[in-house]
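# Remarks on the overall topology
Below, each chain spelled out in residue letters.
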Amino acid sequence: MASKFKAPRGTFDVLPSDSAARARVYEAAAGAFERAGYGRIETPIFEETELFARGVGESTDIVQKEMFTFEDQGGRSLTLRPEATAALCRAYAEHGMHKLPQPVKLWCWGPFFRHERPQSGRFRQFHQIDSEVIGTDSPLADAEAIILLADLLAELGVPGVELRLGSLGSFETRVAYRDELRSHLHANEGSLSDDVRSRIDSNPLRAFDSDHPGTREVMEGAPTMLDRLDDDDADHFEAVKAAVSDAGVDYVLDGTLVRGLDYYTRTVFEFTSDALGAQSALGGGGRYDGLVAELGGPETPAVGWAAGIERILMALGEAEEEQSLDAFIVAPDGQREMALSLATQARRAGVCVDLDLAGRSEKGQMKQANRSGAARAVILADDGTARLRDMETGEERPLDTDDVLREIEAERRKAGS
Ligand code: HAM
């Protein structure tokens, strides 16, 4: 009978058949971060709403429309985290990490929440790998962050990856550019979408992200921030590009890359895959030199990125996977306790073994052994003897029950070599 309950709209269950592929992504990321000197951090799933309002920016879609916000019993406004950067900067300041040798490199993995319209590759609960390098303005830190994500995607074998790279300059230089962009938008107001028109004053840069045909046409004629960088920002960007190129990572320059969060300064980047549909961004990030101070910490330059786990898995097109069992134990009724005792010994020795716990007949247990994908079956008999069956070839040979564990380990070594 189907349950009357379903996972909430825009959410999904990670079933056992999906978990091996996810674990591979996790392990690849953990290895890459460990090799690059990052420490893993975990922060709460919810934070004070004000943290994201201030950090991500009042005029962003995330803060205006997409946050899961609720009041707790004490009347405090809390929000399920829509992203990690603001929370990691909060943790950096709260724990006095500015007193540690700089920069501090942090990474995390976990669920994030945005109340977006669900579609392929876009969920209301999704998962990110997030990485932040806090406490340096060196362009080499930007390059290192970009190279790390490029190499991670390559190691995982994600197809059709493209890196787009831009610079938004500093907050100060962006003031003049914003005014110029506002004038351009006001001059063409009649062709813009309502949404873009309503944000000309609060967030003119977001017009670059619009899919609206009239707006797109207007934006093709718009000046980009890349044409307006001051000398310091331009030098910084040149150094980032040079270091990324030196590492053999290809990129496309994109002056229209503005990203959906307000905290960015200077470098911004996004990785896409042509194996994805409309939601083609695998991950992105950039430099955010004002955020830690904006949240009440000391002036601290920083750079980071986040990548979407579901997007990576979709681009990889991973097939469902069976568990890989070394053996399945088949036993007649009188030998069931023996089967559990053998399974326990084997598991304690690090061997992957399963057995029937549903009272199946021996024939049923053989079927179960087949379905389990186990490499071999240990078949116990009433007289206390046992056979080892190769599930692929069907070959069987007698086995001393005292030797089951040693035999399985030997077989496993043989198969592995
Ligand atoms: P973001 O571009 O908003 O950046 O998200 C990063 C990645 O998370 C996206 O490229 C996408 O793969 C995935 N993602 C975002 N929203 C969804 C969704 N609704 N469903 C599925 N996947 C999604 C940030 O979050 C910044 N905090 C990145 C950053 C870190 N910048 C500096 N440091």
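Being a predicted model, the structure only gives us computed values, none of them experimental.

A few words now on the site of the ligand. By nearness alone, 27 residues border the ligand, and Glu 83, Glu 116, Phe 123, Glu 132 and Tyr 264 come closest of all. Side-chain polar atom of Thr 85 to a nitrogen atom of the ligand: 2.9 Å apart, as the coordinates give it. Considering the ligand on its own, with 660 Å² of exposed area, one finds that the protein chains cover 96% of that surface. Elements with a minimum of two residues in the shell around the ligand: β6 (125-134), β10 (281-287) and β11 (302-308). At six residues, β10 tops the list of elements feeding residues into the shell around the ligand. Across the shell around the ligand, the residue classes tally to 10 nonpolar, nine polar and eight charged.

So, about the pattern of salt bridges. Within this structure, the stated rule accounts for 38 salt bridges. Asp 289 serves as the salt-bridge partner of Arg 287, at 2.8 Å between the closest nitrogen and oxygen. Asp 289 shares its class with Arg 287; the two are buried. Linked by salt bridges that have partners in common, Asp 61, Lys 65, Asp 195, Arg 199, Arg 206 and Asp 209 make up one network.

Following Gln 102, the chain continues to Pro 103 via a peptide bond in cis, the omega torsion being 0°. Within the fold, Pro 103 resides in the loop between α4 (85-94) and β5 (104-113). The residue Arg 259 is not glycine, and still its phi comes out positive at about 65°. Exposure remark for Arg 259: the relative accessible area of 13% places this residue in the buried category. One non-glycine residue, Arg 266, lies in the positive phi region at around 55°. Relative to the helices and strands, Arg 266 is located in strand β9 (residues 265-273).

Reading the values: the criteria
Residues numbered from 1 in each chain as written. Predicted model: local features only at pLDDT ≥ 70, side-chain atom pairs only at ≥ 80, totals over all residues. Heavy atoms only, no water. Near = heavy atom within 4 Å. Polar contact = N/O pair within 3.5 Å; in protein donor to acceptor, adjacent residues only side chain to side chain. Areas by Shrake-Rupley, 256 points an atom, 1.4 Å probe, with all protein chains shown as cover. Helix = DSSP H or I, 4+ residues; strand = E, 2+ residues; numbered from the N terminus. Nonpolar A, V, L, I, M, F, W, Y, C, P; charged D, E, K, R; others polar. Salt bridge = Lys/Arg side-chain N within 4 Å of Asp/Glu carboxyl O. Buried < 20%, exposed > 50% of the residue type's maximum accessible area, 1.4 Å probe, protein only.

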